[in-house]
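# Structure assessment
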There are 2 protein chains.
Amino acid sequence: MTTTPDPFLDPVLDPVLDPVARRDIDTAAARIAGDVRVTPLLTLGGAALGLDPSLTLLLKLEQLQVGGSFKARGMFNRLRAQAERGALPAAGAIVASGGNAGIAVAAAARALGVACEVFVPELASAAKRAALVALGARVTVGGATYADALQAARQRQHETGALWMHAYDQPEVVAGAGTLAREFEQQAGGLPDRLLVSVGGGGLVAGIAAWCASRCWIDALEPVGAPTLHAARAAGAPVDVAVSGLAADALGARRLGDIAWAVSQQHVQAVHLLADAAIAEAQALLWRELRLLVEPAAALPLAALRQGVVRPAPGERVGLVICGANLALKDLELP
Amino acid sequence: MTTTPDPFLDPVLDPVLDPVARRDIDTAAARIAGDVRVTPLLTLGGAALGLDPSLTLLLKLEQLQVGGSFKARGMFNRLRAQAERGALPAAGAIVASGGNAGIAVAAAARALGVACEVFVPELASAAKRAALVALGARVTVGGATYADALQAARQRQHETGALWMHAYDQPEVVAGAGTLAREFEQQAGGLPDRLLVSVGGGGLVAGIAAWCASRCWIDALEPVGAPTLHAARAAGAPVDVAVSGLAADALGARRLGDIAWAVSQQHVQAVHLLADAAIAEAQALLWRELRLLVEPAAALPLAALRQGVVRPAPGERVGLVICGANLALKDLELP
């Protein structure tokens, strides 16, 4: 989320010269097998969600993952890999996050029995702070905005030497996310014709695209209010974007990750923007028709199909990554 | 739910002399394969829910079924079977229900293109009535209580000749429910050591027990406020019980079905009662740890394990039937 190179990025691999390879994802899958859940695949005809009945929809229910989102895959992979190298500091792990990444780092650190510090902005809800504390994390309010929290966390990391965990732009984080696609392929007996994936900083789509390696069509989906990949493609490189809107909590990265940029240029076939109203409609439909309660970020794949932004050919097998469900029930307003 | 024989029960099979057989469940599975969903199985270690880590938990996510509960299996089976016999009246189907059975009948009738009348008591929420109307059902408020609605529905059935759909005590309804256990066995590569199932009128446990036929241990679970099977065992036959409490909406039948009585005497190894507080704790835990939002009735299996009411041996494979998620988000209060 900064414009300068990040000295805390993994020092072993160069994210530009050595993008995540399928063997890294195989390694990650073996490494985290005991930590994460094999999340179920729900298979439906298109009619179940008011779409072309000839479609087969394959919903990867990743909101059932440890910590309520796909993030656990990457965070466990990074922590376990560091532990294997004997490079896990006594101070444990540190992250700046008010959302899914923080929860996943806290859950992973707890499982490995190491300390975890999470720096959150003041606007992080009391419920989220309580969830982090329940996972054993030390939670510090690092200022008014996310940028403040990030700065405070970096200062703290310099003092303690804790392992810096980036929310999406570290090779092991991306490789961990890629295990979702590997698992999908095993469960479905092959890749689908098309995979629909939400994008924030791009860690998830990068991992999935690295695994699929153009063996299936990937539609990357962004809210209008957080168009990191769209803006990067328009500018020819990752650029800062203003962030707002319904799904900003989970997809509101300020800038696409360098790894996501490198991988997506090769293996992401299309990028689409979705309005908040379309995302909200899809989120409500997932509850009403399927009894899946998910966060807005997880509703973009269905929104893209419902809006006709993505138009599969008749008979296609379409994979939808349902990426998370970290929302506060009391704040919920579904039609 | 009456003490006298019900003339609307299926006239072909005698529920006492000819209890549901495994071949009936095979037939049902083939018959409804195009109508219902194969619901996913989520496999977890016991530690994920604060239980003995040596346990393997197999959660059958049946709340993802058409209509939000297992009921669709039985209702589709009965309607399709009647259609096969050429015995589906022009007036369609009729049911008295303010809950999951009514939703399932309405969904099945819509899919078959036949009319559906649902009689509900005044206390049925506006949200549930709206859901039934959205499924194309004609909804009639049949009086103050469920008994009034039942009486009004029977009167109407005499007038129209519509197919009477019992919520749980008809052979095809039970055989349809049994397809859940058949599907579980296929998905898990065998039956678990133990299956935990909630009981209201007993249609679900009867179908599951008929399929398992004592090949695995079945724990039947009831809320303290709706102990139909417990009371039947104490009395030596089904008897009316007073109904109250958290899960009464889904499990609040007044009396165990005759089919459930016959089958459960052979193939249900234990019956346990659970307090509302234990059910509520388990419901909250399913959301907090797994992001599964379910109705109270679906939380009894986890409640039984959490409370130590059911104590599996170390290393057991334990099946939990997560039977439904028809709840109103706006009424929800989870800790």
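What counts and what doesn't
- Residues numbered from 1 in each chain as written.
- Chains lettered and ligands numbered in written order.
- Predicted model: local features only at pLDDT ≥ 70, side-chain atom pairs only at ≥ 80, totals over all residues.
- Heavy atoms only, no water.
- Helix = DSSP H or I, 4+ residues; strand = E, 2+ residues; numbered from the N terminus.
- Rg over C-alpha atoms; globule rule 2.2 N^0.38 Å.
- Buried < 20%, exposed > 50% of the residue type's maximum accessible area, 1.4 Å probe, protein only.
- Contact = heavy atoms within 4.5 Å.
- Areas by Shrake-Rupley, 256 points an atom, 1.4 Å probe, with all protein chains shown as cover.
- Lys, Arg positive; Asp, Glu negative; His and termini not counted.
- Charge placed at Lys NZ, Arg CZ, Asp CG, Glu CD.
- Core = buried A, V, L, I, M, F, W, Y, C linked by side-chain atoms within 4.5 Å.
- Least-squares fit on C-alpha atoms with pLDDT ≥ 70 in both.
- Salt bridge = Lys/Arg side-chain N within 4 Å of Asp/Glu carboxyl O.
- Pairing = 2+ DSSP bridges.
- Axes fitted to C-alpha atoms, helices over the stretch in contact; angles between N-to-C directions.
- Parallel < 35°, antiparallel > 145°, perpendicular 65-115°, else oblique.
- Left-handed = near helix turned anticlockwise from the far one by under 90°.
- Nonpolar A, V, L, I, M, F, W, Y, C, P; charged D, E, K, R; others polar.
- Buried area = accessible area lost by both parts, 1.4 Å probe.
- Domains from an automatic or database assignment.
- Polar contact = N/O pair within 3.5 Å; in protein donor to acceptor, adjacent residues only side chain to side chain.

### Some thoughts on the overall build of chain A
Along the backbone of chain A there are twelve helices and ten strands. Its C-alpha radius of gyration of 18 Å places chain A within 12% of the 20 Å reference for a compact globule of 335 residues. Expressed along its principal axes, the backbone C-alpha trace of chain A runs to roughly 60 × 40 × 40 Å. In chain A, which comprises 335 residues, the share counted as buried stands at 60%. For chain A, contacts bridging at least 24 residues in sequence account for 71% of all contacts bridging at least 6. When the accessible surface of chain A is summed, it comes to about 11900 Å², and 53% of that surface belongs to carbon and sulfur atoms. Averaging the positions of the 28 positive and the 31 negative side-chain charges in chain A gives two centres separated by 3 Å.

### Some details on the nonpolar core
Within the largest apolar cluster, 145 residues are counted, with the highest numbers of intra-cluster contacts made by A:Leu59 and B:Leu59. Ignoring sequence-local partners within four residues, the contact set of A:Leu59 consists of A:Pro40, A:Leu41, A:Leu42, A:Leu44, A:Leu286, A:Leu290, A:Leu292, A:Leu320 and A:Ile322.

### Topic: the relation of the copies chain A and chain B
With an axial shift of 0.0 Å and an RMSD of 0.0 Å, the rotation relating chain A to chain B amounts to 180°. What the superposition gives is, in effect, a two-fold axis relating one chain to the other. Among all residues of chain A, the minimum C-alpha distance to the rotation axis is found for A:Pro40, at 2.9 Å. Residue by residue, 100% of the interface of chain A is reproduced at the interface of chain B, so both copies engage with the same surface.

### What to know about the pattern of salt bridges
All names here are of chain A. In total, this model carries 32 salt bridges over all chains according to the counting rule given. For the salt bridge of Arg 31 with Glu 84, the shortest nitrogen-to-oxygen distance reads 3.1 Å. Separated by 53 residues along the polypeptide, Arg 31 in helix H1 (residues 22–32) and Glu 84 in helix H2 (residues 71–84) bring together distant segments of the chain. By relative accessible area, which is 55% here, Glu 84 ends up exposed. The partner of Glu 316 in a salt bridge is Arg 194, and the shortest N-O contact between them spans 2.9 Å. On the criterion of sequence distance, the pair formed by Glu 316 in the loop between helix H12 (300–306) and strand E10 (317–322) and Arg 194 in strand E7 (residues 194–198) is long-range, its members being 122 residues apart.

### Side note on the pairing of strand E8 (residues 217–223) of chain A
Residues and elements named next belong to chain A. Of all seven residues that make up E8, six are buried, and the element is covered over most of its length. Where E7 and E8 come together, five bridges link them in parallel fashion. Residue Val 197 lies in a different strand from E8, and its bridge partner there is Ala 220. In the sheet, E8 pairs with strand E9 (residues 270–274) via five bridges, with the strands oriented parallel.

### A look at the packing of helix H2 (residues 71–84) of chain B against helix H3 (residues 100–112) of chain B
All names here are of chain B. Where H2 meets H3, the axes come as close as 8 Å, and the angle between the chain directions of the two elements is 40°. It follows from the interaxial angle that H2 and H3 lie oblique. Handedness of the crossing formed by H2 with H3: right-handed. Residues Lys 71, Ala 72, Met 75, Phe 76, Leu 79, Arg 80 and Ala 83 of H2 touch H3, and the partners they reach there are Asn 100, Ala 101, Ala 104, Val 105, Ala 107, Ala 108, Ala 109, Ala 111 and Leu 112. Looking at the contact of H2 with H3, its residues break down into 13 nonpolar, one polar and two charged.

### A few points about the sheet that holds strand E5 (residues 138–141) of chain B
The strands that make up a sheet are held in pairs by hydrogen bonds between backbone atoms, and each pair lies either parallel or antiparallel. Residues and elements named next belong to chain B. Read from one edge of the open sheet, four strands run E5-E4-E3-E6, paired in parallel fashion. Among the strands making up the open sheet, the edge pair consists of E5 and strand E6 (163–164). Taken together, the four bridges between strand E3 (residues 93–96) and strand E4 (residues 116–120) define a ladder with parallel strand orientation. Each residue of the ladder has a partner; that of Ala 96, found in E4, is Phe 119.

### A word on the interface of chain A and chain B
Tallying the contact residues gives 23 residues for chain A and 23 residues for chain B. The contact between chain A and chain B buries some 1800 Å² in all, and 64% of this surface belongs to carbon and sulfur atoms. Run the count over chain A and chain B and you get zero salt bridges. Listing elements by their share of the side of chain A that touches chain B, those giving two or more residues are strand E1 (41–45) and helix H11 (276–290) of chain A. Per-class residue counts for the side of chain A that touches chain B are 17 nonpolar, three polar and three charged.

### Considering the environment of A:Val118
Residue and element names in this part refer to chain A. Its place among the elements puts Val 118 in strand E4 (residues 116–120). For the pair formed by Val 118 and Ile 94, sequence separation is 24 residues and the distance between their alpha carbons is 5.9 Å. Not counting the four nearest positions on each side in its chain, Val 118 is found in contact with Val 95, Ser 97, Gly 102, Leu 132, Ala 137, Arg 138, Val 139 and Thr 140.

### Thoughts on the domain arrangement of chain A
Residues and elements named next belong to chain A. The domain architecture assigned to chain A consists of domain 1 (22–69 + 171–331) and domain 2 (71–165). Listed by partner, the interface residues are 25 residues for domain 1 and 17 residues for domain 2. Contact between domain 1 and domain 2 buries roughly 1800 Å² in total, counting both sides, with carbon and sulfur atoms accounting for 50%. Looking only at domain 1, the three residues that lose the most surface to domain 2 are Arg 31, Asp 35 and Glu 172, adding up to 35% of its buried area. The interface formed by domain 1 and domain 2 contains six salt bridges. Notably, a salt bridge pairs Arg 78 with Glu 172, separated by 3.5 Å at the nearest N-O pair. Here domain 1 and domain 2 share eleven residue pairs in polar contact (both at pLDDT 80 or more) between them. Counting only elements with at least two residues in the side of domain 1 that touches domain 2, the list comes to H1, helix H6 (171–188) and helix H9 (248–251). The biggest single contributor to the side of domain 1 that touches domain 2 is H6, with eight residues. Its residues placed into classes, the side of domain 1 that touches domain 2 shows nine nonpolar, seven polar and nine charged.

### As for unusual backbone geometry
Located in the positive-phi region is A:Arg291, a residue other than glycine, with phi close to 60°. Among the structural elements, A:Arg291 can be located in the loop between H11 and H12. By relative accessible area, A:Arg291 is classed as buried at 16%. Positioned with a positive phi, B:Ala213 is a non-glycine residue whose angle comes to about 50°. Take B:Ala213: it is sitting in the loop between helix H7 (203–212) and strand E8 (217–223).

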